[in-house]
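Letter by letter, the chains look like this.
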Number of protein chains: 2
Amino acid sequence: MPVPRTIALDAMGGDHGPEVVVGGAALSLVRHPSLSFVLAGDETQIRAQLEKHPALAARSRIIHTDTVVAMHEKPSQALRRGKGTSMWLALEAVKSGEAHAAVSAGNTGALMAMSKLVLRPMAGIERPAIAALWPTVESECIVLDVGANIGASSRQLCDFALMGSAMARALFHVERPTVGLLNVGVEEIKGAEEVKEAHAWLKEASGLPLDYRGFVEGNEIGQGKVDVVVVEGFAGNIALKTAEGTARQIGQYLKAAMSRTWTSKLGAALARGGFRTLKEKMDPRRVNGGTFLGLNGIAVKSHGGTDALGFASAVDLGYEMAESDLVARLGNDLKAIQEKLKLASTTADIPRAAEG
Amino acid sequence: MPVPRTIALDAMGGDHGPEVVVGGAALSLVRHPSLSFVLAGDETQIRAQLEKHPALAARSRIIHTDTVVAMHEKPSQALRRGKGTSMWLALEAVKSGEAHAAVSAGNTGALMAMSKLVLRPMAGIERPAIAALWPTVESECIVLDVGANIGASSRQLCDFALMGSAMARALFHVERPTVGLLNVGVEEIKGAEEVKEAHAWLKEASGLPLDYRGFVEGNEIGQGKVDVVVVEGFAGNIALKTAEGTARQIGQYLKAAMSRTWTSKLGAALARGGFRTLKEKMDPRRVNGGTFLGLNGIAVKSHGGTDALGFASAVDLGYEMAESDLVARLGNDLKAIQEKLKLASTTADIPRAAEG
């Protein structure tokens, strides 16, 4: 029997607020009937939505608040007046131990800043990262950092490898996930010293709970070459957005191509089952949710503009990571590695020592 | 009447050597009958291919050499023994003025290093960049740098904006191309100071031969939001490869989806005209060719594995840039801007002064 898990929801986050959040939670509850929820936000609005979902209402507790982080508020501003907002209260529920993960469709920058402040980075982690689930030809992979920070030292890249591996174990149920460092193909190019250093360290390190496979290039992410792709946040965010944009663009081409002639139209009508499969495969709602990794608790960011189906994916993601004891396991991995580093601290090629 | 232009070809470059190079040149000659060619490489092999294309043979001069840069040679190695290779001789033909552009499908790193050495960076340009043509929903845009260097100062990003604009004028025939700086969406994120500085400068600068439109994100490249997208080479290369990979991945999904049921298969057969349009639209050979910008001469890199059709696109690209007097015009733009900067050199917000 699964351990009962509770998910804390920022009921006011996102473009559509409680309607999508409550609707999404109801969908996720069907898939995971042992779940309970804490909903932070305007009680009247939340109750109105819960009336449509009695099963969810029976497993939900509301924490009322009037204050909300606006979608376009600057993170620093949101932080100053953040205490008591629906976002803050959802994170507090994780901190207090009542909930096992928080999910918000609100302002990304604010959520990141607040998560760091409320949940705090794990011991040994300098920088939390945002991990994205990335659809691949066969299934999915994890890409991080997709925008928590710009730039990363070699040590931070190594931490990302560990954090991503912990998430891969939780979601893909493999003991030693394969890991690659995102790099450019040109040899002997100047720069990216951090990437080279992280590569050297990951290649040499033994006993890590991951299977390091070396460099991967941008075109290999979607081919599913590795379970975890590690990159600093600027290039990672650009890669993620570029892939989304390319998928949308090809969808537009396809639509135009299929309405060019009446035979194309007829063919497209006949093949609509196939197109539906394709659409489902490419549906960004299937893998909705960036996860903040490296904190003492799980925080999932859903797309702000998503619908109930998309929000449910983000809730599922929070559930699966809570279910796998991600934070505790990652903590153990980090401790083991730090022990190893202490033992090895006389050698010079360890990024933890080399870092600037 | 067009001025007669000559293109120098590295006949031995690429995975297929003279067969593809000569075949591609023949295709391009049909489109641009005033072209002449200089072909550097093994005379016997080149002659054998030219026999199949008498019209091309009549407009070609062969520079014989036995030495070739290997596809996987390190750039430093290639440089040491580079003089006299087919790649080197093609670039020399541009330097000497005999040819107006060089095209090679050979080793990217070696071509970049040799181009810099033979053609030299233009006065006022610190760093050449590789520009890629990127298919957009409506047409194409230019993205640079896609991998000549890793990292770029604010000044270098501003130079890229000018270089990309010169190329856009040559290819898209617009006087003031629209330009955007690739950035991540999260506000107040630390880092990417160079991008912010370049943004401030481009926003303030008046009289530039371009129309600066501010930041763009990865998903906006393919939507054709601007003519020129400026980014440092690590993120630029990853974006380009990621887009290629995503297009390939969706092609695989589509194929699988269309062969799932017999109605899908029948529909796909009926819609094959539409699929052909899509395939043509997505054909990477249509926009084959990375261009080295910022040198005293034009050098185009074709994909190594391409066929004659793809190589012809790279030759066309070289032709169009030669035709537009890209190098001379860019030189004038740079001179004008340097004059302006001299006049403005008492102000503090100029990246040329701020750079580290």
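1. Remarks on the pairing of strand S2 (residues 36–41) of chain B
Residue and element names in this part refer to chain B.
Right, so step 1: Among the six residues of S2, five are classified as buried, and the element is accordingly described as predominantly covered.
Right, so step 2: Sheet topology places strand S1 (residues 6–10) next to S2; five bridges connect them, and they run parallel. Its bridge partner being in S2, Thr6 is matched across the sheet by Ser36.
Right, so step 3: Crossover S1 to S2 through helix H1 (residues 18–31) is right-handed.
Right, so step 4: In this structure, S2 lies alongside strand S3 (residues 60–64), joined through five bridges in parallel fashion. Bridging across to S3, Gly41 finds its partner in His64.

2. A word on the interface of chain A and chain B
Right, so step 1: With 63 residues of chain A at the interface, the matching set in chain B holds 63 residues.
Right, so step 2: In terms of residue count, the dominant contributor to the side of chain A that touches chain B is helix H9 (residues 233–258) of chain A (20 residues).

3. Focus: helix H12 (residues 308–323) of chain B
Since the α-helix packs 3.6 residues into each turn, any two residues three or four apart lie on the same face.
Residues and elements named next belong to chain B.
Right, so step 1: Over its 16 residues, H12 extends 22 Å from the first C-alpha to the last, a length consistent with the 22 Å expected when each residue adds 1.5 Å.
Right, so step 2: Taken across its 16 residues, H12 has 12 buried, putting it largely inside the fold.
Right, so step 3: Listed as buried for H12 are Gly310, Phe311, Ala312, Ser313, Ala314, Val315, Asp316, Leu317, Gly318, Tyr319, Met321 and Ala322.
Right, so step 4: Immediately downstream of H12, the backbone of Asp325 shows phi near 55°, a positive value.

4. Describing the relation of the copies chain A and chain B
What connects the two chain copies is a rotation about an axis and a shift along it.
Right, so step 1: For the pair chain A and chain B, the relating rotation is 180°, the translation along its axis is 0.0 Å, and the fit reaches an RMSD of 0.0 Å. Expressed as a symmetry operation, the mapping of one chain copy onto the other fits a two-fold axis. Of every C-alpha in chain A, the one belonging to Gly267 of chain A sits nearest the axis of rotation, 1.8 Å from it.

5. Here's the deal with the domain arrangement of chain A
Residue and element names in this part refer to chain A.
Right, so step 1: Taken domain by domain, chain A comprises domain 1 (1–120 + 295–324) and domain 2 (126–291 + 325–356).
Right, so step 2: Its C-alpha centre places domain 1 at a distance of 25 Å from the equivalent point of domain 2.
Right, so step 3: Opposite the 20 residues of domain 1 that make contact, domain 2 presents 16 residues.
Right, so step 4: Counting residues per element, the ones that place at least two in the side of domain 1 that touches domain 2 are helix H6 (108–119), strand S11 (299–301) and helix H12 (308–323).
Right, so step 5: Considering only residue class, the side of domain 1 that touches domain 2 consists of eight nonpolar, eight polar and four charged.

6. What about the sheet that holds S3 of chain B?
Residues and elements named next belong to chain B.
Right, so step 1: On the basis of which strands lie adjacent, the open sheet formed by 11 strands has the order S3-S2-S1-S4-S11-S10-S5-S6-S9-S7-S8 and mixed pairing. Bordering the open sheet on either side are S3 and strand S8 (211–216), each of which pairs with just one other strand. Across the sheet, the mean angle separating the axes of adjacent strands is 25° when strand polarity is ignored.
Right, so step 2: With three bridges joining them, strand S7 (residues 178–182) and strand S9 (residues 228–230) adopt parallel strand pairing. When the sheet's bridge partners are listed, Gly180 is paired in S9 with Val229.
Right, so step 3: Running over the sheet, helix H8 (residues 193–204) touches S7 and S8 and is turned about 155° from S8.

Thresholds, definitions, all that
- Residues numbered from 1 in each chain as written.
- Chains lettered and ligands numbered in written order.
- Predicted model: local features only at pLDDT ≥ 70, side-chain atom pairs only at ≥ 80, totals over all residues.
- Buried ≥ 20, exposed ≤ 12 C-beta atoms within 10 Å, placed from the backbone.
- Helix = DSSP H or I, 4+ residues; strand = E, 2+ residues; numbered from the N terminus.
- Pairing = 2+ DSSP bridges.
- Right-handed = clockwise from strand over helix to strand, strands pointing away.
- Contact = placed C-beta atoms within 7 Å.
- Expected span 1.5 Å × (residues − 1).
- Least-squares fit on C-alpha atoms with pLDDT ≥ 70 in both.
- Domains from an automatic or database assignment.
- Nonpolar A, V, L, I, M, F, W, Y, C, P; charged D, E, K, R; others polar.
- Axes fitted to C-alpha atoms, helices over the stretch in contact; angles between N-to-C directions.

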